[in-house]
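Close look at the chain arrangement
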Amino acid sequence: MIKQIFIVNGSGGCGKDTFASLLNEIIPVYKYSSIDKVKKIATMCGWEGGKEEKDRKFLSDLKLLTTAYNDMAFEDVRAAVLKFNRSRHHKVMLIDIREPAEIERAKQAFGAKTILIKSNRVPVITSNMADANVFNYEYDYEFDNSRTIEDLREKVIEFAADKLGYKCSKLDSLFM
């Protein structure tokens, strides 16, 4: 199987991590976020890992600042992609990126496809630029996570078979 990279996006709480975990049950996934390094810096500024709107806005603003200064987040993702490409274990990389321009840039730079995870169970967040623009991009694949985890699991199994060429039975994936 050829290694594949996907840019993943969706509103906070829509199930991006659940999608990654379910896919990882089927095939080894390397998950990374364009904001991982930003979060490390944010903790030095007193951020305690909160996910409230003020926390999300702080992280979004900090990412914008570091991007303008030295393109830190993108260069950090580039280093993670190189690590993924050297890995013999991981077959799929999922990169969380929120901003449409950054999604397109990463898609072109890394030969990636894009995925939107959506759920009508979570409110749309508009307090910051990154969250407010989640739906302002034309994604290659969309997953609706508005129902049960079993429904999402079925969609992930289909995706693994149809798009990644990984053939497994539903029963097999439940015991991996």
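Everything numeric here is computed off the predicted structure, so don't read it as measured data.

Some words on the packing of aromatic side chains
Tallying each qualifying case throughout the model produces 10 aromatic pairs. For the pair Tyr137 and Tyr139, a centre-to-centre distance of 5.1 Å together with 65° between the ring planes defines the contact as edge-to-face. Taken individually, Tyr137 and Tyr139 each receive the classification buried, so the pair is uniform in this respect. A cation sits over an aromatic face here: Lys3 above Phe84, 4.2 Å from the ring centre. Over the ring of Phe74 we find Arg105, and its NZ or CZ is 3.7 Å from the ring centre.

Notes on the layout of surface pockets
There is about 660 Å³ of room inside the largest pocket. Every residue lining the largest pocket is counted, 32 residues in all, and those nearest its centre are Lys16, Ile35, Lys39, Arg56 and Arg98. Broken down by element, the residue count for the lining of the largest pocket peaks at 4 residues, all from helix 3 (residues 53-70). Residue composition of the lining of the largest pocket, grouped by class: 9 nonpolar, 11 polar and 12 charged.

Topic: the pattern of salt bridges
Following the criterion strictly, the structure yields 13 salt bridges and no others. Arg98 is the partner of Asp131 in a salt bridge, and the nearest nitrogen-oxygen pair spans 2.0 Å. One end of the pair, Asp131, is in helix 6 (residues 129-132); the other, Arg98, is in the loop between strand 3 (92-96) and helix 5 (100-110), with 33 residues separating them in the sequence. Exposure remark for Arg98: the relative accessible area of 17% places this residue in the buried category. One salt bridge in this structure joins Lys107 and Asp140, with 3.2 Å as the shortest N-O distance.

Cut-offs and rules
- All chains use their own residue numbering, which begins from 1 and follows the written sequence.
- In keeping with the predicted nature of the model, local features appear solely for residues at pLDDT of at least 70, side-chain atom pairs appear and are counted solely at 80 or more, and the whole-chain, interface and lining totals rest on all residues.
- Note: side-chain values were computed over all heavy atoms of the structure, leaving out hydrogens and water.
- Here the aromatic set is Phe, Tyr and Trp, taking the six-membered ring for Trp, and pairing holds for ring centres within 6.5 Å; pairs whose planes are under 30 degrees apart are stacked, those over 60 apart are edge-to-face, and all others are tilted.
- Exposed residues in this analysis have more than 50% of their type's maximum accessible area, buried residues have under 20%, and partly exposed residues fall in between, with area computed by a 1.4 Å probe over protein chains only.
- Any Lys NZ or Arg CZ found within 6 Å of a ring centre and within 35 degrees of that ring's normal is scored as a charge over the ring.
- Every definition here rests on a 1 Å grid over the protein atoms only: cavities are sets of points where a 1.4 Å probe fits but cannot get out, pockets are open sets enclosed by protein on both sides within 12 Å along at least five of seven lines, and lining residues have some atom within 4 Å of a point.
- Grid points are joined across faces, edges and corners, and a volume is the space filled by probe spheres set on the points.
- Secondary structure elements are defined from DSSP: runs of H or I of at least 4 residues count as helices, runs of E of at least 2 residues count as strands, and each element is numbered from the N terminus.
- Three classes are used: nonpolar for Ala, Val, Leu, Ile, Met, Phe, Trp, Tyr, Cys and Pro, charged for Asp, Glu, Lys and Arg, and polar for all others, with Gly counted as polar.
- Between Lys or Arg on one side and Asp or Glu on the other, a salt bridge is scored when a side-chain nitrogen of the former is within 4 Å of a carboxyl oxygen of the latter.

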